[in-house]
Protein chains: 4
Amino acid sequence: MSNTFGGALKLTIFGESHGAAIGAVLDGLAAGHLVDETYIAFQMDKRRARGGGLSTTRTEADKVKILSGVFNGRTTGTPVTLVIENQNTRSGDYAKTAGLARPGHADYTAHVKYAGFEDWRGGGHFSGRITAALTAAGALCQSILAGQGILLATHAARVAGLPDAPYAFDEAALRAQLEAVEKNPGFPVLDEAAGEKMQAAIRAAAAEGDSVGGILETAAVGLPAGLGQPFFDSVESELSHLLFSIPAIKAVEFGAGFGFAEMKGSEANDPLTVENGRVKALTNHCGGVNGGITSGMPLVFRTCVRPTSSIYKQQQTVDLSTNEPATLQIHGRHDPCILHRAAIVQTAATAFGLLDLLTQNGGEQRQAGR
Amino acid sequence: MSNTFGGALKLTIFGESHGAAIGAVLDGLAAGHLVDETYIAFQMDKRRARGGGLSTTRTEADKVKILSGVFNGRTTGTPVTLVIENQNTRSGDYAKTAGLARPGHADYTAHVKYAGFEDWRGGGHFSGRITAALTAAGALCQSILAGQGILLATHAARVAGLPDAPYAFDEAALRAQLEAVEKNPGFPVLDEAAGEKMQAAIRAAAAEGDSVGGILETAAVGLPAGLGQPFFDSVESELSHLLFSIPAIKAVEFGAGFGFAEMKGSEANDPLTVENGRVKALTNHCGGVNGGITSGMPLVFRTCVRPTSSIYKQQQTVDLSTNEPATLQIHGRHDPCILHRAAIVQTAATAFGLLDLLTQNGGEQRQAGR
Amino acid sequence: MSNTFGGALKLTIFGESHGAAIGAVLDGLAAGHLVDETYIAFQMDKRRARGGGLSTTRTEADKVKILSGVFNGRTTGTPVTLVIENQNTRSGDYAKTAGLARPGHADYTAHVKYAGFEDWRGGGHFSGRITAALTAAGALCQSILAGQGILLATHAARVAGLPDAPYAFDEAALRAQLEAVEKNPGFPVLDEAAGEKMQAAIRAAAAEGDSVGGILETAAVGLPAGLGQPFFDSVESELSHLLFSIPAIKAVEFGAGFGFAEMKGSEANDPLTVENGRVKALTNHCGGVNGGITSGMPLVFRTCVRPTSSIYKQQQTVDLSTNEPATLQIHGRHDPCILHRAAIVQTAATAFGLLDLLTQNGGEQRQAGR
Amino acid sequence: MSNTFGGALKLTIFGESHGAAIGAVLDGLAAGHLVDETYIAFQMDKRRARGGGLSTTRTEADKVKILSGVFNGRTTGTPVTLVIENQNTRSGDYAKTAGLARPGHADYTAHVKYAGFEDWRGGGHFSGRITAALTAAGALCQSILAGQGILLATHAARVAGLPDAPYAFDEAALRAQLEAVEKNPGFPVLDEAAGEKMQAAIRAAAAEGDSVGGILETAAVGLPAGLGQPFFDSVESELSHLLFSIPAIKAVEFGAGFGFAEMKGSEANDPLTVENGRVKALTNHCGGVNGGITSGMPLVFRTCVRPTSSIYKQQQTVDLSTNEPATLQIHGRHDPCILHRAAIVQTAATAFGLLDLLTQNGGEQRQAGR
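Residues numbered from 1 in each chain as written. Chains lettered and ligands numbered in written order. Predicted model: local features only at pLDDT ≥ 70, side-chain atom pairs only at ≥ 80, totals over all residues. Heavy atoms only, no water.

Draft legend 1. Spatial organisation of the overall build of chain A. Looking only at helices and strands, chain A features nine helices and 18 strands. Its C-alpha atoms give chain A a radius of gyration of 21 Å, within 12% of the compact-globule value 21 Å for 370 residues. For chain A, the spread of C-alpha atoms along the principal axes amounts to about 65 × 50 × 35 Å. With 370 residues in all, chain A has 69% of them scored as buried. Put simply, 74% of the contacts in chain A that link residues at least 6 apart link residues at least 24 apart. Accessible surface computed for chain A: about 10700 Å², of which carbon and sulfur atoms make up 53%. A gap of 4 Å separates the mean positions of the 31 positive and 36 negative side-chain charges of chain A. (Helix = DSSP H or I, 4+ residues; strand = E, 2+ residues; numbered from the N terminus. Rg over C-alpha atoms; globule rule 2.2 N^0.38 Å. Buried < 20%, exposed > 50% of the residue type's maximum accessible area, 1.4 Å probe, protein only. Contact = heavy atoms within 4.5 Å. Areas by Shrake-Rupley, 256 points an atom, 1.4 Å probe, with all protein chains shown as cover. Lys, Arg positive; Asp, Glu negative; His and termini not counted. Charge placed at Lys NZ, Arg CZ, Asp CG, Glu CD.)

Take a look at the structure:
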């Protein structure tokens, strides 16, 4: 599938960091959904770099232009095409080191795969910039989910070894946390004090010409039980497929995740009960997914975002044009940390995946006359 | 896609734990590959429960019957259908607790999704038994990969908190480790002494009516650089999609995985060099994948397998037929740990994914006349 | 996709004419549909050869075994696997002419594609026998459609140059015709006298060692308006994709089809009116599909089935083992005409396609809260 | 899949007749193919309306802008995005009759499917204008095929009941015919005198406010034997799926097509022989495809294009806003015939389908080490 993904919904992504534009085609949205361009712009703004020592000084307006699929402010049922022009490109920064594979980046692997024809400027199609298109498409999905009572958000659970406050188990409290993160255009944490420490750590790493990584944690409330498909399209399969597409994400865990390795079955299993006529779990180690199907409990998962690969320290590498060892000194404009920007990308990817599963589920239920 | 997955190759899985049979249809294999039924049987045997206090006493011969796609011992190019009859079923064990959702299992979520029409016997389609079909299909892919010099295997890196020895960084040493694990029909560890301790811990948990989980680690050597597809079909996306389909897997990480959260960019980036004219990395934190594309270094990833959900301790749950709280006492035959059985399933899923990506890559290269 | 097709539903087909078994995996059926095995057997019986000078004397019981996806007589929501064992195979008939490519068959093309590893016995995977599995899967879809008031059937509109009576324009009259064809286990015509003439023509051709072709016409009533997907999944695209998979079908036309070439726009356009509050067309040249979307008028299309390629007259061909010209004299058991058998296959393929589109549509409508 | 189609290649189409732009994303092209924008522009020009009494007076520059996937004049291996801005829109023409469903168009069916939210201006997403994007993408595929010796073209075999000259059986003669049609920016016929008569008939129909239809015939030479996939992705299935997506196409036949209905098997089968060591057929009734797989003989198929639905004669219809009968008088700019413009669209769709099958085939062969 490559650059198109989905079941009932299809998302197609295109563009290069220093090309004319990046964009997305979102197919499968029903007709009649309101398209709130202000909301999309707000989400885009969260992903946008804003300098300040935390992000690259390449700041782009990231204005989303809708080329198709929207008429009189509503979806028409045909593909919605979202395009973002690239403006603030300084390809010259890259020309200086062209041919030198940047460690941690896809320069070498793309060079092999594309036999030297890849657009190497700014990482080309492998650049984090491509996620702007995913963010725009996801924002549209998010607003549709919100109309069905489904709220989701992502916080920086850990940056440079520093933890944020945890999500609440209580669903009402968790919903309040998610709303706060969602509305916050700044650093995405539950605990502002923790966020300050994280930002200080990022600035400290930047001062050394280095970068830091961390953990992003997403939660969604309001999801009905019964979403997801066996065998191959479990909720975890669909979401991890999307999440691992985001550059820099190298790990995904649901619920207790790797913590399950240290538990016994008697600790790991979530006991069930009935509350106001509705089945509820007393713990949520499974992260809201059992057997690949949503349980109606909050969906909770974490990803690991590696430290930005572009650093200003000298690195050992190879010159792809000569196939000889070389020394690399990166210049240009780069983020010392991308978690605060990647958070909305992760939310967006999740929103697309959930709306896809919801639509699939709707088709099945309708087929059976339910 | 649900029960069918893949790009150039398609794998379709079917069956229920206590139905007539389980099976797989593997489409996209080229004509002319040798089909070594002895090799398939050997891999099936690793997944097979063999009692001994480590596994369920439901032992199945798991004889794989090939219904189509093989002629005169070679693939014909048309779909290969592999069927395994269910024989040693004791549905009566489940009838006693029918209606009681087993915590940790998909009983409740399947009940909602399928509106009460699900085959609940032994977990139905959500049973780990379904992975026998995946194992058979994967074994066929593995033998094709082996013919191209690609070797892969999975060891139990951690069980009940006890670690196995690590994989070697040196590729020749790693290949030797993988060969040893591959050929070993017993407990899949690099260090036999560590394996003994793990098995003792499993038996101890079983004695308490409890279960344990752990971490499985897969490595593959001999992969060419350049496999994998941006944006949505990165190696990590394709493999995690498959891995999260395996029941009980709740976390997947590539290379340093969650460990990246504690690193700086200067530590995380793998420096490159040239060795005998070939680009090599001096470390392999990325696990052999950069930008979603293989680097030619060994592919390394880890998953977390939750403790078996079926335990003999009393559990709090709900009766799905009455929607009332209830107490569950599981009887029947269950595994106190499934890592040693799941290891080959993980290898099989990976083999399918890698052969799919190799075939896609072959098509592209051929299109370009390379 | 090769041997798997569909959007919300997926159908996977496997098997060879002289292999162990043929079968189908049907994924995407919701849970709770009644599975009427007697109805499936009735449809299978229509496809079954029954000798009598009209069909091959290779008669197979064609008993459908359900391996998965059905529990207590209802679908479970997981893949339904239908298997039919091959019993009455006489591969010896083929061994005599092995190596000689039979004109009109896929022998030569399969030989090139599969590099000589194809299962050539009885045409292998290219045999019309494979359509038995499609018929079984389609019968299940047909019974689900019937439950929603959608009725479809296929008659032999033309055999050996002899025409059957036409379908009625009036929907009630058409429904009566379709019911009659559906219930008739014999030669599928609207006018029995026309059918007698056709059968005589088939027997006459058979007496000369020759074969005849003809035209199959399918109609469906009760379809809601609004099914089908632009741009690439129009009703015509989805159905023609399925229809051209059926061996021997070489042409597909909807409504007036090729007849449009001789019309003016003023004749071709179907005028619209309102009848009992419902939009109706005064003519149905479009065959119930406008812009790729159903109009609520009856769906009507025709296919051309080529004369059976296996004839008893001597033919000029090549010996694939020597790449030399050769003379072929076919022996064995073959049909002098397959239209009466292919009719139910065409209905079955259509039923699958329509249920797929209905399920997709249901998902969209539910997504929008309609 | 809806607006995305393909196996190894994926084509995504978007846009509306009177929206901001239409476009296509073409994914799966290998890196390194030359992108000849002049060639693309030449193909676009054939599809472009040029008035003259044969086409609508809405003439668009149809300049193709490449947003991604091309670098230094060559494909990069990542998605190629082609966008064409809509400029010469006169939505006012449509506003006058808004609400009145135009017979023969998708107005009514889209209205039902999209619940009134469809972009009705100029037919929206159902407009023939969308095929401009398909033409651009197909032109790119065509130039890649040409590099491999595969040449294809489409002529108007019949317009308003008037026939063009037939394709030659001899491959060299056919290749010369295809080259001539390909290079000809004018009316696509083999016999210029026949083309003059057709154009006169179109102008005559236009003078009466009416329109005419006809038959388009495509041929391709240079295709290797062995392309195509059983069961569901036969060459006929893949191509018909694409062809029926083109607005106004209502019939597709391969080789003798519906003519097979009047033949005996002894006439229909193509005898084989060996010529210069290569297998050849003495006739080509199968149109170059046997069992869904290419035979190495020329691929030949025909489609029927219905008369343009927009005519200037008064028509009986319904008012969708009131659900009442109404009378429609179409104004605006419309084509009295679209065959000459649709010819290149048909070639383009075919080029995409063939390159997709070639790439799939390359993957299989490479997988097997051939």
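Draft legend 2. Broad picture of the nonpolar core. By size, the foremost hydrophobic cluster in this structure holds 140 residues, and its most contacted members are A:Leu26, A:Leu299, B:Leu26 and B:Leu299. Setting aside residues no more than four positions away along its own chain, A:Leu26 makes contact with A:Leu9, A:Lys10, A:Leu11, A:Pro79, A:Val80, A:Ala137, A:Leu140, A:Cys141 and A:Phe352. With 139 residues, the next largest nonpolar core counts C:Ile150, C:Val235, D:Phe231 and D:Val235 among its residues. (Core = buried A, V, L, I, M, F, W, Y, C linked by side-chain atoms within 4.5 Å.)

Draft legend 3. Region of the structure containing the environment of B:Val189. Inspection of the secondary structure assignment puts B:Val189 in the loop between helix H5 (171-183) and helix H6 (192-207). Among residues more than four places away in sequence, those in contact with B:Val189 are B:His155, B:Ala156, B:Asp164, B:Val181, B:Gly195 and B:Met198.

Draft legend 4. Fine view of helix H7 (residues 235-243) of chain C. In terms of residue burial, H7(C) counts as a mostly covered element, since nine of its nine residues are buried. The set of residues buried in H7(C) consists of C:Val235, C:Glu236, C:Ser237, C:Glu238, C:Leu239, C:Ser240, C:His241, C:Leu242 and C:Leu243.

Draft legend 5. Examining the sheet that holds strand S2 (residues 10-15) of chain C more closely. Residue and element names in this part refer to chain C. Judged by pairing direction, the sheet is antiparallel, and its five strands sit side by side in the order S1-S2-S3-S7-S4 without closing on themselves. Edge positions in the sheet fall to strand S1 (4-5) and strand S4 (64-68), since each has one partner strand and no second. Taken together, the two bridges between S1 and S2 define a ladder with antiparallel strand orientation. Paired with Phe5 across the strands is Leu11, a residue of S2. Packing against the sheet, helix H4 (residues 131-146) makes contact with S2, strand S3 (21-27), S4 and strand S7 (80-85), and its axis sits at approximately 30° to S3. (Pairing = 2+ DSSP bridges. Axes fitted to C-alpha atoms, helices over the stretch in contact; angles between N-to-C directions.)

Draft legend 6. Here's a closer look at the interface of chain B and chain D. Tallying the contact residues gives 19 residues for chain B and 19 residues for chain D. Of the roughly 1500 Å² buried between chain B and chain D, counting both surfaces, carbon and sulfur atoms make up 47%. For the pair chain B and chain D, the interface holds zero salt bridges. In this assembly, chain B and chain D are joined by 14 residue pairs in polar contact (both at pLDDT 80 or more). Residue composition of the side of chain B that touches chain D, by class: seven nonpolar, nine polar and three charged. (Buried area = accessible area lost by both parts, 1.4 Å probe. Salt bridge = Lys/Arg side-chain N within 4 Å of Asp/Glu carboxyl O. Polar contact = N/O pair within 3.5 Å; in protein donor to acceptor, adjacent residues only side chain to side chain. Nonpolar A, V, L, I, M, F, W, Y, C, P; charged D, E, K, R; others polar.)

Draft legend 7. Broad picture of the sheet that holds strand S16 (residues 299-305) of chain C. Taken in spatial order, the 10 strands line up as S9(C)-S8(C)-S10(C)-S16(C)-S11(C)-S11(D)-S16(D)-S10(D)-S8(D)-S9(D) in an open sheet, and their pairing is antiparallel. The sheet is open, and its two borders are formed by strand S9 (162-163) of chain C together with strand S9 (162-163) of chain D, each paired with just one other strand. Strand contacts of helix H5 (residues 171-183) of chain C: strand S8 (151-159) and strand S10 (214-221) of chain C, with the helix running at about 80° to S8(C), the strand carrying the most contacts. Across the face of the sheet, helix H9 (residues 339-367) of chain C comes into contact with S8, S10, strand S11 (249-254) and S16 of chain C while running at roughly 145° to S8(C).

Draft legend 8. Region of the structure containing the state of the cysteines. What the rule picks out here adds up to zero disulfides over all chains. With no disulfide of its own, C:Cys286 lies 14 Å from the sulfur of D:Cys304, the closest cysteine sulfur. (Disulfide = S-S within 2.5 Å.)

Draft legend 9. Spatial organisation of the interface of chain B and chain A. Contacts between the two partners involve 102 residues from chain B and, on the opposite side, 102 residues from chain A. Approximately 8400 Å² of surface area, both sides summed, lies buried where chain B meets chain A, with 59% of it carried by carbon and sulfur atoms. At the boundary of chain B and chain A, one finds eight salt bridges. In terms of residue class, the side of chain B that touches chain A is made up of 46 nonpolar, 39 polar and 17 charged. Judged from the three bridges that link them, strand S11 (residues 249-254) of chain A and strand S11 (residues 249-254) of chain B form a sheet pairing that is antiparallel.

Draft legend 10. Inspection of the relation of the copies chain B and chain D at higher detail. For the pair chain B and chain D, the superposition axis carries a translation of 0.0 Å, the fit reaches an RMSD of 0.0 Å, and the rotation angle comes to 180°. Here the symmetry operator amounts to a two-fold rotation axis. For chain B, the residue whose C-alpha comes nearest the rotation axis is B:Gly363, separated from it by 1.7 Å. The share of interface residues of chain B whose copies in chain D are also at the interface is 100%, consistent with both copies meeting through the same surface. (Least-squares fit on C-alpha atoms with pLDDT ≥ 70 in both.)

Draft legend 11. The relation of the copies chain B and chain A, seen in detail. The transformation that overlays chain B on chain A combines an axial shift of 0.0 Å with a rotation of 180°, and the residual RMSD is 0.0 Å. Interface residue correspondence from chain B to chain A reaches 100%, placing this contact among same-surface, isologous pairings.

Draft legend 12. Structural detail: the side chain of C:Arg129. All names here are of chain C. One can find Arg129 in the loop between helix H3 (107-113) and H4. A residue is classified by how much of its surface remains accessible, and Arg129, at 6% relative accessible area, is buried. Here Arg129 is in contact with Ser17, Ile22, Arg47, Arg58, Glu60, Asp62, Ile84, Glu85 and Asn86, once residues within four sequence places are set aside.

Draft legend 13. Molecular detail of the pattern of salt bridges. Residues and elements named next belong to chain A. By the definition in use, this model includes 60 salt bridges over all chains. Among the ionic pairs, Arg302 bridges to Glu253, the shortest N-O distance being 2.9 Å. Highlighted residues: Arg302 in strand S16 (residues 299-305) and Glu253 in strand S11, separated in sequence by 49 residues. The same class applies to Arg302 as to Glu253, namely buried. Where salt bridges share partners, they join Arg47, Asp62 and Arg129 into one cluster.

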